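Spelled out from the first residue to the last, the chains are:
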Amino acid sequence: MRVAHTSHALPAFPVYSSAFLSQNELVVGGGGGATKSGIKNKLKSFKVGKDRSAEQLDELELAIGEDAPMSMATDGTTVVCGVNSAPELLEKGENENCRVFKVDDGKLSFLRTQGTLSVKPDDLDYQKVTVLSPDGYLLAVAGPNDLSLLLYPSLMPAAQSLKVDKEIYDATFTKSTLIVATTAELRVYTLPETKSASPSKPKKKGKQKVSTSLPSLVCERVIDIPSSLGGSSGSSFRAAKIHPTLGTILYTVANTIPNRSRGKSTARQAHVLKWNTENWTVEKIRKVGDRGITCFSVSPDGNLLGYGSSDLSVGLLDAATLNPVSTILKAHEFPPTTLAFNTDSSVLVSGSADNSIRVINLPDQVRGSNWGFFMLIILTLIVLLLAYTYQRYSNTFGW
């Protein structure tokens, strides 16, 4: 099905992260990063209209030398994102990478920071994962191999930090567990008993020393990539999202690893998998393209899956069946870097390093609970109509 969509140019502003605070209030993060490109790193807030307009409300410029906001989450009144500190602070071991900003009627203001990653100035490490729990009390932030579980909004540690061998790409919460997606496997951790803590100012900048009295995150299960996709040697996980209303349904993205044997490289196919977490079985697998998926999101009502591809497209799948719903070819000049659904699942926004965002309207027939079932009804009605027409006029025309 075709969906209405409008592109909005954001001059000199490569976009890397985004989040909807409400039905029409959007925050995006981007910039030139830590490089000396002259492109400033900022957060920008927008009012997104029903006519797919995007009116900028405010912008907050980050300090010179700091990185661009590379990942983002929101509880509806604040946004938390990953921003590496300036090189002179990184040299001292001080990296205030986890940052919280208040958004009041579109106005952006700084609240607090916490350091969770030790990064050297020449490192390419950054906070690539920023995820809030459904109740908003817990925050998981991660770099390539380190993950911290924090209380929100205080940013105080909720458990001892994790270090894993395989590169981390995503994390998602159920009511009682934290699921971490690494390149080779899904790791399921039991959440500790925690209570929300009031905000407090960190005593020392940089990565905080974790008290040994903090509980440990216990890994209760490790799930490998299905053998049908070649296992960890043939594919790698790139995203993991729990269903927002059905806590036993998990969606993951797996991109195949190109086979370069005999001097030839095969295509990097992308697959979306639907899991039942009660028995950890794969219920459905859908190949969505011959290029890797670069970003992935689930609509708040749980009906749609959105993905951005390195073939420059943005696609929608029915969450129940994984059937394709709509695809926007060449949605951006560069691969999409971020996707955000608004709170009532009527709008999807994509962003890219091509200095643009695209606002996509999701009409009621697209947002229906089961697009595949809807199409089946239409096809059945067409078949019945043809059968009725044939029966009525077969005698008249001697068919």
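Residues numbered from 1 in each chain as written. Predicted model: local features only at pLDDT ≥ 70, side-chain atom pairs only at ≥ 80, totals over all residues. Heavy atoms only, no water.

A.B. asks: Give me the lowdown on the overall build of the chain, citing residues and values where you can.
C.D. replies: Looking only at helices and strands, one finds four helices and 28 strands in the chain. Relative to its full complement of 399 residues, the chain shows a buried share of 51%. Sequence separation of at least 24 residues holds for 50% of the intrachain contacts in the chain that already meet a minimum separation of 6. When the accessible surface of the chain is summed, it comes to about 19100 Å², and 51% of that surface belongs to carbon and sulfur atoms. (Helix = DSSP H or I, 4+ residues; strand = E, 2+ residues; numbered from the N terminus. Buried < 20%, exposed > 50% of the residue type's maximum accessible area, 1.4 Å probe, protein only. Contact = heavy atoms within 4.5 Å. Areas by Shrake-Rupley, 256 points an atom, 1.4 Å probe, with all protein chains shown as cover.)

A.B. asks: Could you give an account of the layout of surface pockets, naming the residues involved and the relevant values?
C.D. replies: There is about 310 Å³ of room inside the second largest pocket. Forming the boundary of the second largest pocket are 20 residues, of which Ala-34, Asp-67, Asn-84, Asp-123 and Leu-124 lie nearest the centre. (1 Å grid on protein atoms, 1.4 Å probe; cavity = no way out; pocket = protein on both sides within 12 Å on 5 of 7 lines; lining within 4 Å. Points joined across faces, edges and corners; volume = space filled by probe spheres on them.)

A.B. asks: Quick one: what's the story with the packing of aromatic side chains, residue by residue and with numbers?
C.D. replies: For the coordinates displayed, the defined rule picks out two aromatic pairs. An angle of 70° between the planes, with centres 5.9 Å apart, marks the rings of Phe-101 and Phe-110 as edge-to-face. Looking at Phe-101, the relative accessible area reads 2%, which means it is buried. According to the relative accessible area criterion, Phe-110 is partly exposed, its value standing at 46%. A ring pair is formed by Trp-275 and Trp-280, whose centres lie 6.1 Å apart and whose planes are at 65°; its orientation type is edge-to-face. The pair Trp-275 / Trp-280 is uniform in exposure class, with both members buried. Seen from the ring of Phe-13, Lys-44 lies directly overhead, with NZ or CZ sitting 4.5 Å from the centre. Geometry around Tyr-169 places Lys-128 over its ring, the cationic atom sitting 4.2 Å from the centre. (Phe/Tyr/Trp six-rings, centres within 6.5 Å; stacked < 30°, edge-to-face > 60°. Lys NZ or Arg CZ within 6 Å of the ring centre and 35° of its normal.)

A.B. asks: Please provide a residue-by-residue account of empty space enclosed by the protein, values included.
C.D. replies: Under the counting rule described, the total for this entry stands at two cavities of 30 Å³ or more. Taken as a whole, the second largest cavity spans an internal volume of roughly 30 Å³. As for the second largest cavity, its lining consists of Val-3, Val-314, Gly-315, Leu-316, Ser-326, Thr-327, Ile-328, Leu-348 and Ile-360. Put simply, the parts of the chain that give the lining of the second largest cavity at least two residues each are strand E24 (314-318) and strand E25 (324-328). Considered class by class, the residues forming the lining of the second largest cavity number six nonpolar, three polar and no charged. (Nonpolar A, V, L, I, M, F, W, Y, C, P; charged D, E, K, R; others polar.)

A.B. asks: For the sheet that holds strand E8 (residues 98-104), give the residues involved together with the corresponding values.
C.D. replies: Pairing is antiparallel in the open sheet, where four strands are placed in the order E6-E7-E8-E9. Sheet topology places strand E6 (72-74) and strand E9 (107-114) at the edges, where each strand pairs with a single neighbour. Averaged over all pairs of adjacent strands, the angle between strand axes in this sheet comes to 25°, irrespective of strand direction. Pairing between strand E7 (residues 78-82) and E8: five bridges, direction antiparallel. (Pairing = 2+ DSSP bridges. Axes fitted to C-alpha atoms, helices over the stretch in contact; angles between N-to-C directions.)

A.B. asks: Tell me about the side chain of Ser-356, and please be specific about residues and values.
C.D. replies: Looking at the element boundaries, Ser-356 is found in strand E28 (residues 356-361). Side chain to side chain, Ser-356 and Asp-354 meet in a polar contact 2.7 Å long. Not counting chain neighbours up to four residues away, the residues in contact with Ser-356 comprise Ser-7, His-8, Ala-9, Leu-10, Val-15, His-332, Ser-350 and Gly-351. (Polar contact = N/O pair within 3.5 Å; in protein donor to acceptor, adjacent residues only side chain to side chain.)

A.B. asks: Which residues make up the sheet that holds strand E18 (residues 235-242), and what values do they have?
C.D. replies: Spatial strand order, E18-E19-E20-E21: four strands in an open sheet with antiparallel pairing. Unpaired on one side and paired on the other, E18 and strand E21 (281-289) mark the two borders of the sheet. Put simply, the sheet's adjacent strands are angled 25° from each other on average, direction ignored. With seven bridges connecting them, E18 and strand E19 (residues 249-256) associate as antiparallel partners. Bridge pairing in E19 places Ile-242 opposite Leu-250.

A.B. asks: Can you break down the pairing of strand E20 (residues 270-276) residue by residue, with the values?
C.D. replies: Burial within E20 is extensive, with seven of its seven residues counted as buried. On E20, burial covers both faces: Ala-270, Val-272, Lys-274 and Asn-276 on one face and His-271, Leu-273 and Trp-275 on the other are all buried. Where E19 and E20 come together, seven bridges link them in antiparallel fashion. By the bridge assignment for E20, Ile-249 is matched with Asn-276.

A.B. asks: So what's going on with the pattern of salt bridges? Which residues, and what values?
C.D. replies: By the definition in use, this model includes 10 salt bridges. Between Asp-58 and Lys-107 there is a salt bridge; the shortest N-O distance is 3.8 Å. Residue Asp-58 is found in strand E5 (residues 54-61), and its partner Lys-107 is found in strand E9; the two are separated by 49 residues along the sequence. Asp-146 is paired through a salt bridge with Lys-163; the nearest N and O atoms lie 3.4 Å apart. Within this pair, whereas Asp-146 is found in strand E12 (residues 146-151), its partner Lys-163 is found in strand E13 (residues 162-163), the two being separated by 17 residues in sequence. Beyond isolated ion pairs, a larger network of salt bridges with shared partners links Lys-42, Lys-44 and Glu-59. (Salt bridge = Lys/Arg side-chain N within 4 Å of Asp/Glu carboxyl O.)

A.B. asks: Account for a negative patch on the surface, naming residues and giving values.
C.D. replies: There is a patch of like negative charges on the surface, built from Glu-91, Asp-122, Asp-123 and Asp-125. Summarising the element assignment, Asp-122 is placed in the loop between E9 and strand E10 (129-132). The exposure class assigned to Asp-122 is exposed, which follows from its relative accessible area of 76%. (Patch = residues over 30% accessible without salt bridge, like charges linked within 9 Å, V, L, I, M, F, W, Y side chains within 5 Å. Lys, Arg positive; Asp, Glu negative; His and termini not counted. Charge placed at Lys NZ, Arg CZ, Asp CG, Glu CD.)

A.B. asks: Describe in detail unusual backbone geometry, supporting the description with residues and values.
C.D. replies: Between Tyr-152 and Pro-153 the backbone carries a cis peptide bond, its omega angle lying at 15°. Note that Pro-153 resides in the loop between E12 and E13. Of note, Ala-12 is a non-glycine position whose phi angle comes to about 55°, a positive value. Note on placement: Ala-12 falls in the loop between strand E1 (5-9) and strand E2 (15-20). Positive phi values are uncommon outside glycine, yet Arg-52 reaches one of about 70°. Positionally, Arg-52 belongs in the loop between strand E4 (42-48) and E5. When its relative accessible area of 21% is taken as the criterion, Arg-52 is described as partly exposed.

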